[in-house]
Amino acid sequence: QVRLEESGGGSVQTGGSLRLSCAHFGGAFRTYDMAWFRQVQGKELEFVSHIPYNGDSTYYSDSVKGRFTISRDDARSTIYLQMDSLKPEDSAVYYCAARLWSIRPITENYKFWGQGTQVTVSS
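Anyway, here's the lowdown on the structure attached to this text.

Reading guide: rules and limits
Residues numbered from 1 in each chain as written. Predicted model: local features only at pLDDT ≥ 70, side-chain atom pairs only at ≥ 80, totals over all residues. Heavy atoms only, no water. Disulfide = S-S within 2.5 Å. Helix = DSSP H or I, 4+ residues; strand = E, 2+ residues; numbered from the N terminus. Buried < 20%, exposed > 50% of the residue type's maximum accessible area, 1.4 Å probe, protein only. Polar contact = N/O pair within 3.5 Å; in protein donor to acceptor, adjacent residues only side chain to side chain. Contact = heavy atoms within 4.5 Å.

1. Some details on the state of the cysteines
Here comes step 1: Enumeration according to the criterion identifies 1 disulfide in this entry.
Here comes step 2: Disulfide pairing is shown between C22 and C96; the S-S distance is 2.0 Å. Looking along the S-S bond of the C22-C96 disulfide, the torsion reads about -75°, which is the left-handed sense. Taken together, the positions of C22 in strand 3 (residues 18-25) and C96 in strand 9 (residues 92-100) put the pair 74 residues apart, joining distant regions of the chain.
Here comes step 3: For C22, a relative accessible area of 0% corresponds to the buried category.
Here comes step 4: Among the residues examined, C96 registers a relative accessible area of 0% and is labelled buried.

Written as C-alpha cells, this is what we have:
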C-alpha cells in the first residue's frame, strides 16, 4: 500500500517562498505519476501541478504557472513543490497525490493521497 507524507507548509507573507515535500512509501516510486492539489475549506479541490513517472515534463495550472516548480528525486522517492512569489490566494491545504503511470488526463485517477499540509500567505 502506498503512503504519502507531505511536509513544508507554513505561514509566509505575500511575495515569500515555501518548498513542499512529499515522500512516497510502499511502492515503486519510478512507476508513479505524481501531482499536487490544493483545497480551500468549503471549496472544490484544485489541481496545481503534475509530473509524470519519468519526470520528462511538468504541468501547471494557469494560476501558478511561472511561480511554482514541481520536481522529483527518484533516489529519495520524493517530490517537491517550490512555491515562489506567493499570494494570499495561494492559501490552502496542499495535497500530494499519486497514481500508477497513466495516459489518463493529468487531473484524474489519483488513487493515493497524503494528509495535506497547510499553506497560509498573509498580505
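Picking up after the structure, the text goes on.
2. A short note on the side chain of R38
Here comes step 1: Structurally, R38 is set in strand 4 (residues 32-39).
Here comes step 2: A polar contact is formed between the side chain of R38 and the side chain of D90, at a distance of 3.0 Å.
Here comes step 3: If sequence neighbours within four positions are ignored, R38 has contacts with E44, L45, E46, V48, S63, V64, F68, E89, D90, A92, V93 and Y94.

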